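Chain by chain, the residues run as shown.
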Amino acid sequence: MSLLEVSDLNVWFDLPGGGQVHAVQGVSFALDGGQRFGLVGESGCGKTTTILALMGLLPPNAEVSGDVRIDGRSVLAGGEDSIRPHRWKDIAMVFQGAMNALNPVKKVGWQIAEPMALHGVAEGSAARKRAGELLELVGIPASAAERYPHEFSGGMRQRASIAMALACQPKILLADEPTTALDVMVQAQILELLTSLSDELGLALILVTHDLPVVAQMCDQAAVMYAGKIVEDGPMETLFHAPRHPYTRLLFAATPDLYGREAVVSIPGAPPRLDREITGCSFRQRCDVAMESCATEHPDLITIGAGHRAACLRNTAQREETAEVR
Amino acid sequence: MSEFMAARPAPSVPAAGAADQVAAEAAVRQAPGDVLLDVRDLRTYYPVRRGLVQSVARAPRRHVHAVDGVSFSLRRGEMVALVGESGCGKTSTLQTILGMVKPTSGTVTLDGTDITALSERQMRPLRRTIQMIYQDPYESLDPRFRVRDTIEEPMLVHGIGSSRSERLPLIAAALEQAGLTPAELFIDRYPHELSGGQRQRVAIAASLVLSPALLLADEPVSMLDVSVRAGVLALLDSLRRDADMAILMITHDLSTAAHFADRIAVMYLGRIVEQGRAADVVRDPQHPYTKALLSVVPKRDPRDRTVPQILTGETPNPVDVPAGCRFHPRCPIATDRCRTEDPALRQPDAAAAGDHLAACHLA
Amino acid sequence: MTAVTQDPALAAEGLGVPAHRRGVFWTALRQRKSAMVGLFIIIFFIVLAVIAPFISPYSATAQTCAVYAPPSAQHWLGCDDGGIDMLSELMQGGRISLVVGFAATLVAMVIGGGVGILSGYFGGWIDSALMRITDYLLVIPSLVFAIVIADIWGANLLHVIIVIGILQWTSTARIIRAQVMSLRERVFVKRARAIGSGNGRIIWRHILPQVAPLLIANTVLTVAIAIYMETVLAFLGLEDPTVTTWGTILQHAFDRTAISSGAWWAIVPDGFAIAAIIVGCFLLGQAIEDSLNPRLKVAHLSIRRWRFRPLVGRGKDAI
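It should be emphasised that the depicted structure is a prediction, and the values quoted were computed from it without experimental measurement.

Conventions we followed
- Residues numbered from 1 in each chain as written.
- Chains lettered and ligands numbered in written order.
- Predicted model: local features only at pLDDT ≥ 70, side-chain atom pairs only at ≥ 80, totals over all residues.
- Heavy atoms only, no water.
- Helix = DSSP H or I, 4+ residues; strand = E, 2+ residues; numbered from the N terminus.
- Buried < 20%, exposed > 50% of the residue type's maximum accessible area, 1.4 Å probe, protein only.
- Contact = heavy atoms within 4.5 Å.
- Areas by Shrake-Rupley, 256 points an atom, 1.4 Å probe, with all protein chains shown as cover.
- Core = buried A, V, L, I, M, F, W, Y, C linked by side-chain atoms within 4.5 Å.
- Pairing = 2+ DSSP bridges.
- Axes fitted to C-alpha atoms, helices over the stretch in contact; angles between N-to-C directions.
- Expected span 1.5 Å × (residues − 1).
- Bend = angle between axes of the 7 residues up to and from the residue.
- Polar contact = N/O pair within 3.5 Å; in protein donor to acceptor, adjacent residues only side chain to side chain.
- Phe/Tyr/Trp six-rings, centres within 6.5 Å; stacked < 30°, edge-to-face > 60°.
- Lys NZ or Arg CZ within 6 Å of the ring centre and 35° of its normal.
- Buried area = accessible area lost by both parts, 1.4 Å probe.
- Salt bridge = Lys/Arg side-chain N within 4 Å of Asp/Glu carboxyl O.
- Nonpolar A, V, L, I, M, F, W, Y, C, P; charged D, E, K, R; others polar.
- Disulfide = S-S within 2.5 Å.
- Patch = residues over 30% accessible without salt bridge, like charges linked within 9 Å, V, L, I, M, F, W, Y side chains within 5 Å.
- Domains from an automatic or database assignment.

### Things to note about the overall build of chain C
Okay, step 1: Summing up its helical and strand segments, chain C has 10 helices and one strand in all.
Okay, step 2: When the helices and strands of chain C are read in sequence order from the N terminus, they spell out α-α-α-α-α-α-α-α-α-α-β.
Okay, step 3: Out of the 319 residues belonging to chain C, those deemed buried represent 44%.
Okay, step 4: Intrachain contacts of chain C at a sequence separation of at least 6 include 71% that bridge at least 24 residues.
Okay, step 5: Carbon and sulfur atoms form 67% of the exposed surface of chain C, whose accessible area is close to 16,300 Å².

### Section: the nonpolar core
Okay, step 1: Core analysis: the largest hydrophobic core is formed by 109 residues, its most contacted members being A:Leu4, A:Leu9, A:Leu54 and A:Ile206.
Okay, step 2: Residues in contact with A:Leu4, not counting those within four places in the same chain, are A:Phe29, A:Ala30, A:Leu31, A:Leu54, A:Val68, A:Arg69, A:Ile70, A:Ile172 and A:Ile206.
Okay, step 3: Residues B:Ile133, B:Phe186, B:Ala205 and B:Met245 belong to the second largest nonpolar core, which totals 40 residues.

### Focus on the sheet that holds strand β11 (residues 302-305) of chain A
All names here are of chain A.
Okay, step 1: On the basis of which strands lie adjacent, the open sheet formed by eight strands has the order β6-β7-β8-β3-β9-β10-β12-β11 and mixed pairing. If you trace the sheet from one side to the other, it starts and ends with β6 (91-94) and β11, each paired once. Across the sheet, the mean angle separating the axes of adjacent strands is 25° when strand polarity is ignored.

### Quick look at helix α6 (residues 157-184) of chain C
Residues and elements named next belong to chain C.
Okay, step 1: When the terminal C-alpha atoms of α6 are compared, their 39 Å separation across 28 residues agrees well with the 40 Å that a helix rising 1.5 Å per residue should span.
Okay, step 2: Along α6, the sharpest change in direction is near 35° and occurs at Trp169.
Okay, step 3: Measuring from the side-chain oxygen of the N-cap residue of α6 to the backbone nitrogen of Leu158 gives 2.7 Å; that N-cap residue is Asn156.

### Examining the sheet that holds strand β7 (residues 214-218) of chain B
All names here are of chain B.
Okay, step 1: Pairing is mixed in the open sheet, where seven strands are placed in the order β6-β7-β8-β3-β9-β10-β11. Because the sheet does not close on itself, it has two edges, and the strands there are β6 (130-133) and β11 (357-358).
Okay, step 2: Together, β6 and β7 form the strand contacts of helix α8 (residues 196-208), whose direction differs from that of β6 by roughly 175°.

### Quick notes on the packing of aromatic side chains
Okay, step 1: Tallying each qualifying case throughout the model produces 13 aromatic pairs over all chains.
Okay, step 2: When the ring of A:Tyr247 is compared with that of A:Phe283, the centres are 5.0 Å apart and the planes differ by 65°; the resulting orientation is edge-to-face. Of this pair, A:Tyr247 sits in helix α9 (residues 246-254) while A:Phe283 sits in the loop between α9 and β11; the two residues are 36 residues apart in sequence, bridging distant segments of the chain.
Okay, step 3: For A:Phe283, a relative accessible area of 1% gives the class buried.
Okay, step 4: Taking NZ or CZ as reference, A:Lys106 lies 4.5 Å from the ring centre of A:Trp110, over its face.
Okay, step 5: Taking the ring centre of A:Trp12 as reference, the NZ or CZ of C:Arg309 above it sits at 3.5 Å.

### Considering helix α3 (residues 108-118) of chain A
Residues and elements named next belong to chain A.
Okay, step 1: Turning to α3, its buried residues number three or more, namely Val108, Gly109, Gln111, Ile112, Ala113, Pro115 and Met116.
Okay, step 2: Taken together, the buried residues of α3 touch α4 (124-137) and α5 (154-165).
Okay, step 3: Positive phi shows up at Gly120, right after α3, with a value of about 65°.

### Some remarks on the interface of chain B and chain A
Okay, step 1: Taken residue by residue, the interface counts 53 residues in chain B and 58 residues in chain A.
Okay, step 2: Roughly 5,400 Å² is buried in total at the junction of chain B and chain A, and carbon and sulfur atoms are behind 56% of that figure.
Okay, step 3: Applying the counting criterion to the chain B and chain A interface returns two salt bridges.
Okay, step 4: A salt bridge links B:Arg300 to A:Glu262, with the shortest nitrogen-to-oxygen separation between them at 2.6 Å.
Okay, step 5: For the pair chain B and chain A, the number of links is 17 residue pairs in polar contact (both at pLDDT 80 or more).
Okay, step 6: At the level of elements, α1 (3-6), α2 (14-24), α9 (226-242), α10 (254-260), α11 (278-283) and α12 (288-296) of chain B are the ones that each hand at least two residues to the side of chain B that touches chain A.
Okay, step 7: Residues of the side of chain B that touches chain A, tallied by class, amount to 25 nonpolar, 12 polar and 16 charged.

### A few points about the state of the cysteines
Residues and elements named next belong to chain C.
Okay, step 1: For the structure on display, the rule yields one disulfide over all chains.
Okay, step 2: With its sulfur 1.7 Å from that of its partner, Cys65 forms a disulfide with Cys79. Handedness here is read from the sign of the S-S torsion; for Cys65 and Cys79, about -130°, the answer is left-handed. Of the two residues, Cys65 is situated in the loop between α2 (33-55) and α3 (86-122) and Cys79 in the loop between α2 and α3; the sequence distance between them amounts to 14 residues.
Okay, step 3: Here Cys65 falls in the buried class, since its relative accessible area comes to 13%.

### Description of a nonpolar patch on the surface
Residues and elements named next belong to chain C.
Okay, step 1: Nonpolar side chains collect at one region of the surface, where Ile43, Ile46, Val47, Val50, Ile51, Phe54, Ile55 and Phe102 lie side by side and expose about 730 Å² of accessible area between them.
Okay, step 2: Top element by residues in the nonpolar patch is α2. It accounts for seven residues.
Okay, step 3: Inspection of the secondary structure assignment puts Phe102 in helix α3.
Okay, step 4: Overall, Phe102 belongs to the partly exposed group, its relative accessible area being 36%.

### Looking at the environment of C:Leu87
All names here are of chain C.
Okay, step 1: Inspection of the secondary structure puts Leu87 in helix α3.
Okay, step 2: We classify Leu87 as buried; its relative accessible area is 18%.
Okay, step 3: In this structure, the C-alpha to C-alpha distance between Leu87 and Leu77, residues 10 residues apart in sequence, is 5.6 Å.
Okay, step 4: Every residue in contact with Leu87, bar those within four places of it in the chain, is listed here: Pro57, Trp76 and Leu77.

### A closer look at the environment of C:Arg309
Okay, step 1: Along the polypeptide, C:Arg309 turns up in the segment after β1 (307-308).
Okay, step 2: At 3.1 Å, the side chain of C:Arg309 and the side chain of A:Gln20 are in polar contact.
Okay, step 3: Side chain to side chain, C:Arg309 and A:Glu63 meet in a polar contact 3.1 Å long.

### Re the domain arrangement of chain B
Residue and element names in this part refer to chain B.
Okay, step 1: Partitioning chain B into domains gives domain 1 (3-49 + 59-129 + 212-358) and domain 2 (143-211).
Okay, step 2: Between domain 1 and domain 2, the residue contacts involve 16 residues of the former and 13 residues of the latter.
Okay, step 3: In total, domain 1 and domain 2 occlude about 1,200 Å² of area from one another, counting both sides; carbon and sulfur atoms represent 69% of this.
Okay, step 4: On the domain 1 side of the contact with domain 2, Arg128, Pro212 and Leu235 bury the most area, a combined 48% of that side's loss.
Okay, step 5: Between domain 1 and domain 2 we count zero salt bridges in total.
Okay, step 6: It is α9 that provides the largest number of residues to the side of domain 1 that touches domain 2, a total of six residues.
Okay, step 7: A class-by-class count of the residues in the side of domain 1 that touches domain 2 yields 12 nonpolar, one polar and three charged.

### Topic: the pattern of salt bridges
All names here are of chain C.
Okay, step 1: In this structure the tally under the stated criterion is 48 salt bridges over all chains.
Okay, step 2: Residue Arg174 is joined to Asp135 by a salt bridge in which the shortest nitrogen-to-oxygen separation is 2.4 Å. One end of the pair, Arg174, is in helix α6; the other, Asp135, is in helix α4 (residues 124-139), with 39 residues separating them in the sequence.
Okay, step 3: Relative accessible area serves as the criterion here: at 32%, Arg174 is assigned to the partly exposed category.
Okay, step 4: By relative accessible area, which is 23% here, Asp135 ends up partly exposed.
Okay, step 5: Measuring nitrogen to oxygen at the nearest pair gives 3.8 Å for the salt bridge that ties Glu185 to Lys190.
Okay, step 6: With relative accessibility at 32%, the residue Lys190 sits in the partly exposed group.

### Re the environment of A:Ala160
Okay, step 1: The topology assignment puts A:Ala160 in helix α5.
Okay, step 2: Separated by 16 residues in sequence, A:Ala160 and A:Ala144 have C-alpha atoms that sit 9.9 Å apart.

### Topic: the pairing of strand β10 (residues 271-277) of chain B
Residues and elements named next belong to chain B.
Okay, step 1: Counting buried positions over the seven residues of β10 gives six, a clear majority of the element.
Okay, step 2: Bridge count for strand β9 (residues 263-268) against β10 is six bridges, and the pairing is antiparallel. Residue pairing across strands places Arg263 opposite Arg277, the latter belonging to β10.
Okay, step 3: The loop that links β9 with its antiparallel partner β10 comprises two residues; one of these, Leu269, has a positive phi angle of about 50°.
Okay, step 4: The pairing of β10 with β11 spans two bridges and is classified as antiparallel. What sits directly across from Glu274, in β11, is Ala358.

Have a look at this one:
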């Protein structure tokens, strides 16, 4: 049994004019303590929606199905009531742009202590003491608890929002684009912090980002999402060196590497709309190795090797052949 | 080898194929054209607003040293990347060259004319030759303008074409040059109907109708999806090759700079601390700041996990520039000399190429 | 090789028929009941004012019945102190009241919009100078000021229009200025300047179209205030005594003991007309303002939450 098990997670959003967008389509993965898991893909691929669903923080027009288990306990089936006791205590999140979402008129220490009181973890001076400890943990002197967010730099604010997520000692930390809009040097500092936190506290970390190199450097496992589905997942090294879905391969090829000499490619077209049924493979219009059967047959996420899955019909066709690495 | 794997390096766009050549020919460049833009000792200071108490107490007026002695030149057909963290003055440099901000001192010479000395009115006809691409394609297009209006606007301002029917083919040609083909599919769209990459191409098309000599690009792809970035960059690359434009691009992404620019200039706190050919700067950095910046760029290959050399702290406030070398408080190898003496930009002893400069006493 | 060599920018999938942007605003407005009610009231009174001379049953100046004759089949709203048919008088009065309201608003919008745009766009000393003037006008008690001006200049329709116009432009100027100041910093405006557009062109092509809806909302709201001001001035006897407006009708009724005579019909329908047009203007103006500013929309106040869809009759690999 893993710490976090997600199976067949689906999210639909009601559209104002009727109809639904199927934003997350049958996502499954599992994660243990101390593991770092990357969720990558272009904007609109459903990666943020997936982790918001895990937190039970979807807007009222959302509909969810599937099973999410934390320590074996199902947390979504009862709707808001079943997730609330787990939220922030077992599973916490650093939101996208969190560093700009701190309340400007409240002291940072107070803002870190607030969730502790809300979830009955600690109150009063105990909470304040713990807020100071958390700040130290993320590399800010405890005395800074008495300061206001505007006195902090961008990197310090992001550290403070990580401290806020850790307030109730969660086992799972979700981070949505934690380094976007930060400078490279500060980005490196924050990534180092997240890495050491997951090592030292045994946190299971889910990193949602569009930035493949960040995932490559930080995560052991990753899932590539496209049009609401996981199209490939597995160990990071396998994804880079032996991808079995053309989207994974193209995404890496579209990312320039500092010392890489090969061409940087762009992937033609745009992701499909998710408000109608897609027949066949959702990536086929942008794929450089699409076959005729891709238009009609639906590729399943099949196991390729140890912990490595991909959803491409080419794999099914070649299953008998020996898979050649690179 | 299976067909599946064989397609790995297949470039999906012809333009991206050109980028392939860039990387391959990085070392053997064709002879660059004549100098188009020459920036000499440019300084742009912004006054800091004083509070009432300070005004009454006659506290000395303080300045943000946004650009503090920047010199470089740009040839026709050349792409130079200005790299640095936020607050290093790269955007202010661009704004000053564009004429949006008056420099405190220094000169910006465009094609032999010092444009810093020109008045707003004298500058207006010259605006044709300098065009700017903005970072956020969701903000830089007027939401009420159709694509055709956005592209027609600069022609109206500069009196190109006497009638709508005369301008229409020019609009279509600019759209197709920017990769939006067929033009009829895009010409009547509003920005909100287009994707980020398409909007950025519209913005580029609106610059192209003026056939500028110099294109300034402020983080042109940082707001775009990874999958379309290469296409927009390849478009810029083809413009300087085929249309002989000079492109000055701001980016915080060293990987992008390494791939697409001819030369890289690294800025820190209002100064260029290192500049040279892209390959030289990336593979043989001389300034400790450049070395640190390069070490923290995450590599694509998960096996390639080099230990990043993380500098502590963040860029100091450009109001209080440190004495001596402005990088010394964060520099891992700073000596006593660095604390007192401001290093000039010169060719380091270890540098292989003659046009590789760094501002460090120890390089 | 089945590689797709389609242009990267072309995403035919997402591109439908080009939309009409103008339609977006109109659709948003049409979804608001209050906007439609307000618009209906305003159009009703405008149409009534235009066709009044052709449909009013009697003369609005000559005596056609007894003094304070109660409503009857011939005179639906009764008669006033001079034996004039109330219904005809109301129609005639509405014409003048609306003309005063709209003309004064036009004056206010031209001054307010102009000051707001110049002040917000140019900033600096222009902004300081214009805003000081605005501040002074804002703190002067408007009614007292109107009484003084009307008294000095003399009671005359044109003077009333000018006085109301001068008093009503300040809040518009402040709202427009704030909007223009934020617009000025938008990237597409900066881009227009970088292209080489002059100030006039930027204001005309980029700024004005953006503030126009706000200006329209303000216009509608100011019409209500202007009509109200006209009524007040007339009631205080500062209106030209030779014209008939909703204000002078009220004033006459009060002066000539309509209340002690129990002639409610000389006051109530008139008051109702004034109230109706003001309510109509406010409904429409507020609706425009709300649809312009999505932040004012009240969202997530419902206790509705996301739902869990149970998997009935669906296997694990159903999707």
